[in-house]
Amino acid sequence: MSARCQLTGAEPRFGNTVSHSHRRSRRRFDPNVQRKRYWLPSEGRHVRLTLSTKGIKTVDAIGIETAVARIRARGGKV
């Protein structure tokens, strides 16, 4: 599963892990991505979306219909 949110577009960031002695090694900061299933009444079916936790809160605020419309407008497949 790719660490990318379908709604917000959040994807991994890169940086350094800094030890106590201040040595640096590269690391990856992944977004908190969850797979969530929603009922889409207009199509009469469930859709499974890969969303960050911020994306889940956005769906709760704007509704699943609007969220799916935004994903499709970005060129995403639902």
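Above this text you will find the structure in question.
Residues numbered from 1 in each chain as written. Predicted model: local features only at pLDDT ≥ 70, side-chain atom pairs only at ≥ 80, totals over all residues. Heavy atoms only, no water.

On to unusual backbone geometry, then. One non-glycine residue, histidine 22, lies in positive phi territory at about 70 degrees. Examined against the element boundaries, histidine 22 turns out to sit in the loop between strand E1 (13-18) and strand E2 (24-29). (Helix = DSSP H or I, 4+ residues; strand = E, 2+ residues; numbered from the N terminus.)

Moving on, we come to the pattern of salt bridges. Under the criterion given, the structure shown has 4 salt bridges. Among the ionic pairs, glutamate 43 bridges to arginine 45, the shortest N-O distance being 2.7 Å. Residue arginine 45 is classed as partly exposed on the basis of its relative accessible area, which comes to 32%. Among the ionic pairs, arginine 72 bridges to glutamate 43, the shortest N-O distance being 2.9 Å. Taken together, the residues arginine 72 in helix H2 (residues 64-73) and glutamate 43 in the loop between strand E3 (33-40) and strand E4 (45-52) connect sequence positions 29 residues apart. Counted as one network, the salt bridges with shared partners bring together Glu43, Arg45 and Arg72. (Salt bridge = Lys/Arg side-chain N within 4 Å of Asp/Glu carboxyl O. Buried < 20%, exposed > 50% of the residue type's maximum accessible area, 1.4 Å probe, protein only.)

Moving on: the side chain of threonine 50. With respect to the helices, strands and loops of the structure, threonine 50 is situated in strand E4. For threonine 50, a relative accessible area of 10% gives the class buried. A distance of 3.5 Å separates a polar atom in the side chain of threonine 50 from a polar atom in the side chain of arginine 35. (Polar contact = N/O pair within 3.5 Å; in protein donor to acceptor, adjacent residues only side chain to side chain.)

Every buried residue of H2 is listed here: Ile64, Ala67, Val68 and Ile71. Along H2, the residues classed as buried sweep out an arc of 100 degrees about the axis, all on the same side. Where H2 ends, the next residue or the one after it, glycine 75, has phi of about 95 degrees, a positive value. (Arc of directions from axis to C-beta.)

So, about helix H1 (residues 53-62). Along H1, the residues classified as buried are Gly55, Ile56 and Val59. The buried residues of H1 all sit within an arc of 105 degrees when viewed along its axis, so they share a single face. Facing away from the buried side of H1 by over 90 degrees, the exposed positions are Lys54, Lys57, Asp60 and Ala61. Among the residues trailing H1, glycine 63 stands out with phi positive, at a value near 95 degrees.

This paragraph deals with the pairing of E2. In the sheet, E1 pairs with E2 via 6 bridges, with the strands oriented antiparallel. Counted as the bridge partner of valine 18 is arginine 24 from E2. Hairpin connection between E1 and E2: a loop of 5 residues separates the two successive antiparallel strands, and histidine 22 in this loop has a positive phi of roughly 70 degrees. (Pairing = 2+ DSSP bridges.)

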